[in-house]
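# Fold and geometry: a report
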Amino acid sequence: MERLFARYQFLSACFIAFVHGSNDVSNAIAPLATIVYVNQSHKVPMGKIDIPIWILAIGGVGNIITNSDNIANILPSSGFCAELVTAITILLSSRLGLPISTSHILVGSIVGVELVQNSASIQMITLRRIMTAWFITIPISASLGAIIFKFMDFFEEWG
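Keep in mind that what you see is a predicted model, and the values were worked out from it rather than measured. (Residues numbered from 1 in each chain as written. Predicted model: local features only at pLDDT ≥ 70, side-chain atom pairs only at ≥ 80, totals over all residues. Heavy atoms only, no water.)

## Structural notes on the environment of Ser 94
Keep this limit in mind: Helix and strand assignments follow DSSP, with helices taken as H or I runs no shorter than four residues and strands as E runs no shorter than two, numbered in order from the N terminus. Throughout this description, buried means an accessible area under 20% of the type-specific maximum (1.4 Å probe, protein chains only), exposed means over 50%, and partly exposed covers the range between.
With respect to the helices and strands, Ser 94 occurs in helix H5 (residues 76–96). According to the relative accessible area criterion, Ser 94 is partly exposed, its value standing at 21%.

Below, the structure is given as structure tokens:
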């Protein structure tokens, strides 16, 4: 049965790669897409660019591997369920115009599946690290943004 779900999991990973581009693409693959665009066209993009499907696939697969690797030891059947739920949630959120994070949803899906299947397999240390990172990045980035803006504003007044 797990061998069958391994095949289905490939499809669910492709689904995530596709929907990842509809909402959270700038975090993971926009830099790669820009590099490919500049390399091919020898121009800096000044607006929207078409992102090749293969780059979306890299972003989706990379996100799955990064998030599922150390949270729990999941089987293909549970991975398929987590990925399918993630893709559906992203698709619905994108349709509603909600700003969401693929990483957050995937982590939540993996944890949800593992809570039902085998809660002892959840690596709480990894989960705590991920959640801590989520909570500290907002105030840190807000503070750094304010400091850099003030720094630039200060030099603009002197310039």
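## Examining unusual backbone geometry
A positive phi is found at His 42, a non-glycine position, where the angle reads about 60°. Mapped onto the secondary structure, His 42 falls in the loop between helix H3 (30–41) and helix H4 (53–68). By relative accessible area, His 42 is classed as exposed at 68%.

## Here's the deal with the packing of aromatic side chains
Spelled out, the test is: We call Phe, Tyr and Trp rings a pair once their centres come within 6.5 Å, taking the six-membered ring for Trp, and we label the pair stacked below 30 degrees between planes, edge-to-face above 60, and tilted otherwise.
Per the counting criterion, the structure on display carries 5 aromatic pairs. On the basis of an interplanar angle of 50° and a centroid distance of 5.6 Å, the ring pair of Phe 5 and Phe 80 is categorised as tilted. Of this pair, Phe 5 sits in helix H1 (residues 2–23) while Phe 80 sits in helix H5; the two residues are 75 residues apart in sequence, bridging distant segments of the chain. Judged by centre distance (5.4 Å) and plane angle (80°), the rings of Phe 154 and Phe 155 are edge-to-face. When its relative accessible area of 43% is taken as the criterion, Phe 154 is described as partly exposed. By the ring-pair criterion, three or more aromatic residues cluster together here, those being Phe 5, Tyr 8 and Phe 80.

## Quick word on the nonpolar core
The cut-off we apply is this: Residues belong to one nonpolar core when they are buried, are Ala, Val, Leu, Ile, Met, Phe, Trp, Tyr or Cys, and are joined through side-chain atoms within 4.5 Å.
Counting residues in hydrophobic clusters, the biggest one holds 16 residues, and the most contacted among them are Ile 71, Val 107, Ile 110, Val 111 and Leu 127. Of all the secondary-structure elements, those providing two or more residues to this core are H1, H5, helix H6 (102–118) and helix H7 (124–158). Sort the elements by how many residues they give to this core and H6 lands first, with 6 residues. Ranked by size, the runner-up nonpolar core spans 5 residues in total, among them Ala 33, Val 36, Ile 55 and Leu 56.

## Concerning H6
What counts is decided by this rule: Given the number of residues in a helix, its expected span is that number minus one, multiplied by 1.5 Å.
Here H6 is 17 residues long and its end C-alpha atoms lie 23 Å apart, about the 24 Å a rise of 1.5 Å per residue gives. For H6, the set of buried residues is Thr 102, Ile 105, Leu 106, Val 107, Ser 109, Ile 110, Val 111, Val 113 and Glu 114.

## Brief notes about the packing of H5 against H6
Heads up, the condition is: Every axis corresponds to a line fitted to the C-alpha atoms, with the helix fit spanning only the stretch in contact, and the corresponding angles, defined between N-to-C directions, vary from 0 to 180 degrees. In this scheme, roughly parallel covers angles under 35 degrees and roughly antiparallel covers those over 145, while 65 to 115 is roughly perpendicular and the rest are oblique. In this scheme the handedness of a crossing depends on how the near helix is turned from the far one: anticlockwise by less than a right angle means left-handed, clockwise means right-handed. Any pair of residues with heavy atoms lying within 4.5 Å of one another is described as a contacting pair. Only Asp, Glu, Lys and Arg are considered charged in this grouping, and only Ala, Val, Leu, Ile, Met, Phe, Trp, Tyr, Cys and Pro are considered nonpolar; every other residue, Gly among them, is considered polar.
The geometry of H5 relative to H6 is characterised by a closest axis approach of 9 Å and an angle of 140° between their N-to-C directions. It follows from the interaxial angle that H5 and H6 lie oblique. Crossing hand, H5 versus H6: right-handed. Facing H5, whose interface residues are Ser 78, Cys 81, Ala 82, Val 85, Thr 86, Thr 89 and Ile 90, H6 presents Thr 102, Ile 105, Leu 106, Ser 109, Ile 110, Val 113, Glu 114 and Gln 117. Of the residues that constitute the contact of H5 with H6, the class distribution is 8 nonpolar, 6 polar and 1 charged.

## Some points on H3
Here H3 contains 12 residues, and its C-alpha end-to-end distance of 16 Å stays within 8% of the 16 Å for a straight helix at 1.5 Å per residue. Backbone geometry just downstream of H3 places His 42 in the positive-phi region, at approximately 60°.

## Some thoughts on a nonpolar patch on the surface
What counts, and what does not: Residues forming no salt bridge and having over 30% relative accessible area are the ones grouped into patches, like charges within 9 Å of each other and nonpolar side chains (Val, Leu, Ile, Met, Phe, Trp, Tyr) within 5 Å. Accessibility throughout is a Shrake-Rupley quantity obtained with a 1.4 Å probe, and a residue counts as covered only by protein chains that appear here. A side-chain nitrogen of Lys or Arg and a carboxyl oxygen of Asp or Glu constitute a salt bridge if their distance falls within 4 Å.
On the surface, Met 131, Phe 135, Ile 136, Ile 140, Leu 144, Ile 147, Ile 148, Phe 151, Met 152, Phe 154, Phe 155 and Trp 158 cluster together into a nonpolar patch covering about 1300 Å² of accessible area. Following the sequence through the fold, Phe 135 ends up in helix H7. Of the residues examined, Phe 135 reaches a relative accessible area of 62% and is grouped as exposed.

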